[in-house]
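# Chain and residue survey
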Amino acid sequence: MAATTSMLDAAQVASMWVDFAATRVGDAAKKAESGRSSFGTVRDGIAAGVGWSGTGQPAASLIVTAATTSMDTAAIRLRDVQTHLGAFSGAMAQAVAWWQEMSATLDKKKYAVADDGTVTLVPGVELADGDPSPGQLTSEVKQILSYLDAADETLTARLKAAVTDPLPVVGTYATLTLSANATEAWLAAKGPNAGMGPYATNPWDKSWTPDGNVVSGTAGAWDLAVLLGAPCLPGGVAYTGGGFLVGPDGKEYPVVTPQYAGKGGELSGHGPGAETLGGLDTGWQTLATYTGYDQLGEPLSTAEAGMVIAGAIAGAQYQPYTTVNASATQSLVLDEYGYPVAVADTPPGSTAQPPGVPASTYTYVVTDGKGQPQVGSYTAPGMPGGNLVAVGTNVAEGLAAVDQADANSYYTYQVEFQQNTDGRVRAIYTAYQVIDGPDGQYVQPYDVHFDEDGQMVLEEAGWTAPPPISEGGSSVDVHGSD
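What comes next concerns the included structure.

Cut-off values and rules
- Residues numbered from 1 in each chain as written.
- Predicted model: local features only at pLDDT ≥ 70, side-chain atom pairs only at ≥ 80, totals over all residues.
- Heavy atoms only, no water.
- Core = buried A, V, L, I, M, F, W, Y, C linked by side-chain atoms within 4.5 Å.
- Buried < 20%, exposed > 50% of the residue type's maximum accessible area, 1.4 Å probe, protein only.
- Helix = DSSP H or I, 4+ residues; strand = E, 2+ residues; numbered from the N terminus.
- Contact = heavy atoms within 4.5 Å.
- Phe/Tyr/Trp six-rings, centres within 6.5 Å; stacked < 30°, edge-to-face > 60°.
- Lys NZ or Arg CZ within 6 Å of the ring centre and 35° of its normal.
- Salt bridge = Lys/Arg side-chain N within 4 Å of Asp/Glu carboxyl O.
- Axes fitted to C-alpha atoms, helices over the stretch in contact; angles between N-to-C directions.
- Parallel < 35°, antiparallel > 145°, perpendicular 65-115°, else oblique.
- Left-handed = near helix turned anticlockwise from the far one by under 90°.
- Nonpolar A, V, L, I, M, F, W, Y, C, P; charged D, E, K, R; others polar.
- 1 Å grid on protein atoms, 1.4 Å probe; cavity = no way out; pocket = protein on both sides within 12 Å on 5 of 7 lines; lining within 4 Å.
- Points joined across faces, edges and corners; volume = space filled by probe spheres on them.

## Some thoughts on the nonpolar core
In this structure, L8 and L85 are the most contacted members of the largest nonpolar core, which totals 31 residues. Sorting the residues of this core by element identifies α1 (5–47), α2 (57–105) and α3 (134–164) as the ones contributing at least two each. Not counting residues within four places of it along the chain, the set of residues in contact with L85 comprises V18, A21, A22, V25 and L155. Counting residues in hydrophobic clusters, the runner-up holds 19 residues, among them W208, L296, F417 and F450.

## Section: the environment of P340
Mapped onto the secondary structure, P340 falls in strand β11 (residues 340–344). The spatial distance from the C-alpha of P340 to the C-alpha of V434 is 9.9 Å, given a sequence separation of 94 residues.

## A few points about the packing of aromatic side chains
Counted under the stated rule, the structure contains 11 aromatic pairs. Of note, R426 hangs over the ring of W284, and the distance from its end group to the ring centre comes to 3.9 Å.

## Some words on the pattern of salt bridges
In this structure the tally under the stated criterion is 4 salt bridges. The closest approach of N and O atoms between R79 and E33, which form a salt bridge, is 2.9 Å. Of this pair, R79 sits in helix α2 while E33 sits in helix α1, and the two are 46 residues apart along the sequence. Residue R79 is classed as partly exposed on the basis of its relative accessible area of 28%. With a shortest N-O distance of 2.7 Å, R424 and D281 are connected by a salt bridge. Of this pair, R424 sits in the loop between β14 (410–420) and β15 (425–437) while D281 sits in the loop between β7 (267–268) and β8 (284–295), and the two are 143 residues apart along the sequence. An identical accessibility class is assigned to R424 and D281; each is buried.

## Remarks on the packing of α1 against α2
At their nearest, the axes of α1 and α2 sit 7 Å apart, and the two run at 160° to each other. The angle between α1 and α2 places the two elements in the roughly antiparallel class. Where α1 crosses over α2, the two elements pack in a sense that is left-handed. Here the contact of α1 with α2 is composed, by residue class, of 28 nonpolar, 14 polar and 8 charged.

## Brief notes about empty space enclosed by the protein
One pass over the full model with this rule turns up 1 cavity of 30 Å³ or more. Here the largest cavity is characterised by a volume of approximately 50 Å³. V226, Y239, P254, V256, W284, R424, V425 and R426 are the residues that line the largest cavity. When residues of the lining of the largest cavity are traced back to their parent elements, those giving at least two are β5 (252–258) and β15. The residue inventory of the lining of the largest cavity, partitioned by class, reads 6 nonpolar, no polar and 2 charged.

So this is what it looks like as structure tokens:
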């Protein structure tokens, strides 16, 4: 059921009842945790054979171990539900604040607001210069309602998962599968934190790459994922970004860049203090960091490459002011804050390689001395039928231009998957290229996110406090650091 303005009017009181429910769920979690502790004490004694050994002891140990895991699962689920209810209450309070602010400034003599959020002019009223149009106001109200709808859908999905995921089956008889069932449910309840505990698993496959794991999303969905449950942050925009990445654990992480104003007032997304916005948003923990080298931008199509070569044949000159150094880009060394500190003498292992000559045949059209179009084709050297001499130096220049255009789409990247103690998650995605310019070589870092169509967006990245250059390779100049 879609949210309405009537619901917004009642949401402030409703959020108080949601808070009340969250408190009661927390009380239930405390009891489950207390029960789990008691079971754990008994389990440890029986498992150690203290005061009891022989017939029945192994079966009793199995039963109590499974029951302990069951209580642990219940406590985890209850805390999870408590967190989701608290986040939903916060979303309701935010929607109410927006609605009350808008209602306070809305001229009721000029505008009428329907329950579905549509704003219309009161009959007989004409707008003065500077008055917002009914369409503009309708858009604002609809955004508030859609925010509440998204929060409701998120809560529904998370509560459904909490009550439908498998729970351990605890019976009065020890069976071979009892302990396994309890352990499986414990892992399901722990989710991405399952790697931290007695039944450690590691879902973080190191072969993960961003390729194929980009999920587009509306600005509203991204806002909800980033801000739902976040503390009230003064000073305007706290995070920028957009889109989502599916992590190796299968969860969707909103792609964000912190906006932290350091000592000089410049906004930075990296470096000491940036991750927590200078202490305003604490509790973030890095689950895993992935660094690699790959083609992140779109490569030239065969037709585009053919046009470049055709232009070279016609006499076009390709002399870029700066060029991407693919080999040096692949060899970048990053510090703990993702700051590029050196170009390694030996590139790290990578499945991707710097681009080479295009392995395709291109068709081109040129104009002869009489102004007549002539169609020809060119096959790259090393390919069957390749004939570099026949097409001359201009084609070689065109090939170099194609190579450079391909190199422009290659980056070293780093993705940090993080989770907050309040349950929020995020991915911080940074890309780097080493540039050869007229004044020497430097690194250009970028903050990466995705637009609503899933297309990559690059913005120059900055650090709060660049570290000293480390040893182990050639030092590099970095653009974009404060």
